[in-house]
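Listed below are the residues making up each chain.
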Amino acid sequence: MRVRPFFRRLNHTADKIFCRFFRSNLRPLELGRRVGQLLDEGRTIDTRGYTIVPNHLTYALAHEDRHRFTPIEETLRREIIEVMRDHVKTYNYGFSGPVSVTFVTNPNFRAGKFEMSGEYRQRSSAEKGYLIAAEGTRIKIKVPQLLGRADECGIILQGSNVSRHHAEIRLDDQGLFLVDLGSTNGTLLNGIAVDNQRLIDGDIITIGEHQLRLEVS
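Counting restarts for each chain, with residues numbered from 1 along the sequence as it is written. Reporting of local features is limited, given that this is a predicted model, to residues whose pLDDT is at least 70; pairs of side-chain atoms are given and counted only at 80 or more, and all residues count toward the totals for whole chains, interfaces and linings. Hydrogens and water molecules were not included; the side-chain quantities draw on all heavy atoms of the structure.

## Quick look at the nonpolar core
We define a nonpolar core as any set of buried Ala, Val, Leu, Ile, Met, Phe, Trp, Tyr and Cys residues linked to one another through side-chain atoms lying within 4.5 Å. For each residue, the accessible area found with a 1.4 Å probe, counting protein chains only, is set against the maximum for its type, and the residue is called buried under 20%, exposed over 50%, and partly exposed in between. Core analysis: the biggest nonpolar cluster contains 21 residues, and Val-35, Leu-57, Tyr-59, Ile-80, Met-84 and Val-101 have the highest contact counts within it. When residues of this core are traced back to their parent elements, those giving at least two are α3 (28-41), β3 (56-61), α4 (63-90) and β5 (100-105). To qualify as a helix, a DSSP run of H or I must reach at least 4 residues; to qualify as a strand, a run of E must reach at least 2; elements of each kind are numbered from the N terminus. Broken down by element, the residue count for this core peaks at 7 residues, all from α4. Two residues qualify as a contact provided that any one of their heavy atoms is within 4.5 Å of a heavy atom in the partner residue. Beyond its immediate sequence surroundings of up to four residues, Leu-57 is in contact with Val-35, Leu-38, Leu-39, Ile-80, Met-84, Ser-100, Val-101, Thr-102, Met-116, Ser-117 and Gly-118. Counting residues in hydrophobic clusters, the runner-up holds 19 residues, among them Leu-147, Val-162, Val-194 and Leu-212.

Structure follows, in structure tokens:
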């Protein structure tokens, strides 16, 4: 899998920190690789026939290591989440809900030992989705959310490359998904033309000249 630059950068600049922290040969680069392996091993098929993978990862560490890990824990958490998203996009997987990472302490572990586990966590009924336009406008998604040039569309997008009823964002028990409504010029998701595709946090939807980033909270 493709490893984010952060892990390569941290691998060079923080080796001493991680050697002292883990008391082993483990490096941030290896953490990134193991994420992909765990997602692959945990994949399954949802009710719509999509391949989904665990959306929540837990790292269990020894007490001593967890204490040493604290200064960079939040940074690594964010980067691991991005690795998960990158892996899902690369292999055309999906998530069952928002992506999250938790670090916990296992008092029975010796220094240097850690375990990773993944689980499926369903999205909360209170969860909200937004589309962020290029200029920063934040639009709340009201499913089913119709996008196009027509006045009746919930999100009106102007331009000759936009059909009247271009695409629609829908919701099922596994989350949001995007449907192209037979538009003339197609709908792109992260640069790839799609007809019907599961959406995850951070996806970029392109319709005509418009780019909309999905944000799930």
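## Here we look at the sheet that holds strand β2 (residues 51-53)
By definition, the strands of a sheet pair up through backbone hydrogen bonds, in either a parallel or an antiparallel sense. An order of β1-β2-β4 is seen for the 3 strands of this open sheet, with the pairing classed as mixed. Two strands in the sheet have a free side with no partner beyond their single neighbour: β1 (44-45) and β4 (94-95). Note on pairing: two strands pair once DSSP finds at least 2 bridges between them.

## Remarks on the pairing of strand β17 (residues 210-216)
Across 5 bridges, the pairing between strand β7 (residues 129-133) and β17 is antiparallel. If you follow Tyr-130 over to β17, its bridge partner there is Glu-215. The pairing of strand β16 (residues 204-207) with β17 spans 4 bridges and is antiparallel. Across the sheet, Ile-204 pairs through a bridge with Arg-213, a residue of β17. What sits between β16 and β17 in their antiparallel hairpin is a turn of 2 residues, with Gly-208 showing a positive phi close to 60°.

## A short note on the pairing of β7
Among the 5 residues that make up β7, 5 are buried, leaving the element largely enclosed by the rest of the structure. Neither face of β7 is open: one carries Gly-129, Leu-131 and Ala-133, the other Tyr-130 and Ile-132, and all of them are buried. Note: β7 against strand β8 (residues 138-140), 3 bridges, orientation antiparallel. Bridging from a neighbouring strand, Tyr-130 pairs with Lys-140 of β8. Connecting the antiparallel pair β7 and β8 is a turn made up of 4 residues, with Gly-136 showing a positive phi of about 100°.

## Quick word on the packing of aromatic side chains
Only Phe, Tyr and Trp rings take part, Trp by its six-membered ring, and two of them pair if their centres are within 6.5 Å. Stacked means planes under 30 degrees apart, edge-to-face means over 60, and tilted covers everything else. All told, the structure shown has 3 aromatic pairs when counted by the stated rule. For the pair Tyr-59 and Phe-114, a centre-to-centre distance of 6.1 Å together with 20° between the ring planes defines the contact as stacked. Placement of Tyr-59 in strand β3 and of Phe-114 in strand β6 (residues 114-119) is noted, with a sequence separation of 55 residues between them. In terms of burial, Tyr-59 and Phe-114 fall into one category: buried. When the ring of Tyr-91 is compared with that of Tyr-93, the centres are 5.9 Å apart and the planes differ by 25°; the resulting orientation is stacked. Relative accessible area serves as the criterion here: at 41%, Tyr-91 is assigned to the partly exposed category. Ring-pair connections join several aromatic residues into one group, and the members of that group are Tyr-59, Phe-103 and Phe-114. A ring is scored as having a charge over it whenever the NZ atom of a lysine or the CZ atom of an arginine sits within 6 Å of its centre and within 35 degrees of its normal. Geometry around Tyr-130 places Arg-138 over its ring, the cationic atom sitting 3.8 Å from the centre.

Spatial relationships are all this shows, so hold off on functional conclusions.
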